[in-house]
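Here is what each chain is made of, one letter per residue.
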2 protein chains.
Amino acid sequence: MNRESNILNDEQAVEIFKALSNQIRVNILQMLKEPDNNFSPQAHVIKEKGFDGGVCVSDIRIKAGLSQSTTSQYLSILLQSGLVEMKRIGQWTYYRRNQKTIEQFEKYIGLKI
Amino acid sequence: MNRESNILNDEQAVEIFKALSNQIRVNILQMLKEPDNNFSPQAHVIKEKGFDGGVCVSDIRIKAGLSQSTTSQYLSILLQSGLVEMKRIGQWTYYRRNQKTIEQFEKYIGLKI
DNA sequence: AAAGGATATCGGTAATTTGCGATATCTCTA
DNA sequence: TAGAGATATCGCAAATTACCGATATCCTTT
């Protein structure tokens, strides 16, 4: 009833703050604002697959400058917080921003902070 | 040139995210939205002293349910991040929200996140 | 100048986070 | 079905954070 609803609760918001309390994770979220500018185009051949804007982990890893394992972990922290969503296609996992949560987060900041 | 200017840089924003990555610190910031509803009135006899809305540490401590030392530390984390400002008046230190930073933070979220 | 109240700082332990390499899992292809 | 590539998970050491009690500092009052 809540990840669906309109305003985040404090617990969810704190989880988002934790996700964003690391510069590299913020960078990742920012990169994902403009996938076409920040990542090689091959990743986007999935437009037909219904996950437009998604970027695969290895591309993110290169830009972020992290090890593979840390990249994967950071992405799942972002996923847990709701800031991104993911879809596995073949052997790749694509991540992209979850604009719904990001909007809810903006509302939370405006109303509750 | 920056704490004055209009938009936060990433470093300042991450410092704010860290400050807010703890539920109790979020609670404190929220309490300070309505000092008159959340704290005993004695604290506000400083209206003439030019720090309207400020609340003393011991009052915050009681509401937050923390030890004196932790309360003091948490408040200085919030202060460092810019989310609150403080003024020492006599033997008391009053803290209140720093609306300027909070607005800049809201803008940051809207533009950069 | 001494005592007492308010707050800040210090020093510590437990818990959490950071980031890595190694390993496991999953999926495609030869 | 064996191998290779992509990603997830495990186990770990170092760094940071969460809190606390004790102590120090700063004001005020006597």
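Anything mentioned here points back to the structure above.
In this report, the structure presented in the accompanying data block is examined. Position labels on residues start from 1 in each chain and follow its written sequence. Think of it this way: whatever chain is written first is A, whatever ligand is written first is 1, and the rest follow in order. Confidence filtering applies because this is a predicted model: local features only for residues at pLDDT of at least 70, side-chain atom pairs given and counted only at 80 or more, and all residues used for totals across whole chains, interfaces and linings. Each side-chain value is derived from all of the structure's non-hydrogen atoms; neither hydrogens nor water enter the calculation.

1. Quick notes on the protein's contact with DNA strand C
By convention in this text, a residue qualifies as near a molecule or strand provided that one of its non-hydrogen atoms is within 4 Å of it. For DNA strand C, the set of nearby residues contains 22 residues, the closest of which are A:T70, A:Y74, B:S58, B:Q68 and B:S72. The sugar-phosphate portion of DNA strand C accounts for 58% of its atoms within 4 Å of the protein, the bases making up the rest. N or O atoms closer than or at 3.5 Å make up a polar contact, with two conditions inside protein: a donor-capable atom paired with an acceptor-capable one, and, for residues adjacent in sequence, both atoms drawn from side chains. One of the side-chain N or O atoms of A:Y74 is found 2.3 Å from a phosphate oxygen in DNA strand C. In this description a helix means any DSSP run of H or I spanning at least four residues, a strand means any run of E spanning at least two, and both kinds are numbered starting from the N terminus. Put simply, the parts of the chain that give the surface near DNA strand C at least two residues each are α5 (68–81) of chain A together with α4 (57–64), α5 (68–81) and β3 (92–97) of chain B. Among the residues making up the surface near DNA strand C, the classes are represented as 6 nonpolar, 14 polar and 2 charged. Classification used: nonpolar for Ala, Val, Leu, Ile, Met, Phe, Trp, Tyr, Cys and Pro, charged for Asp, Glu, Lys and Arg, polar for all others including Gly.

2. Describing the pairing of β3(B)
Residues and elements named next belong to chain B. One bridge is not enough; two strands pair if DSSP finds at least two bridges between them. Relative to β3, strand β1 (residues 55–56) is paired through 2 bridges, and the arrangement is antiparallel. Looking at β3, one finds that C56 is bridged to Y94. Bridge count for strand β2 (residues 84–89) against β3 is 6 bridges, and the pairing is antiparallel. Along β3, the bridge assignment pairs R88 with T93.

3. Some words on the interface of chain B and chain A
The contact rule is simple, with two residues in contact once any of their heavy atoms fall within 4.5 Å. With 23 residues of chain B in contact, the opposing surface of chain A contributes 23 residues. Between chain B and chain A, roughly 1900 Å² of surface is buried when both sides are summed, and carbon and sulfur atoms account for 61% of that area. Listed by contribution, the elements that provide at least two residues to the side of chain B that touches chain A are α1 (10–19), α2 (23–31) and α6 (99–112) of chain B. For the side of chain B that touches chain A, the leading source of residues is α6(B), giving 8 residues. Broken down by class, the residue content of the side of chain B that touches chain A amounts to 11 nonpolar, 5 polar and 7 charged. Summed over both partners, the accessible area lost on bringing two parts together, with a 1.4 Å probe, is the buried area.

4. What about the sheet that holds β2(B)?
All names here are of chain B. With antiparallel pairing, 3 strands are arranged side by side in an open sheet as β1-β3-β2. Unpaired on one side and paired on the other, β1 and β2 mark the two borders of the sheet. Lying over the sheet, α5 contacts β2 and β3, oriented at roughly 120 degrees with respect to β2. Every angle, taken between N-to-C directions, lies between 0 and 180 degrees, and every axis is a line fitted to C-alpha atoms, over only the stretch in contact when it is a helix.

5. Observations concerning the sheet that holds strand β3 (residues 92–97) of chain A
Taken together, 3 strands build an open sheet; the order of strands is β1-β3-β2 (chain A) and the sheet is antiparallel. Looking at the sheet topology across the chains shown, the edges are occupied by β1 (55–56) and β2 (84–89) of chain A.

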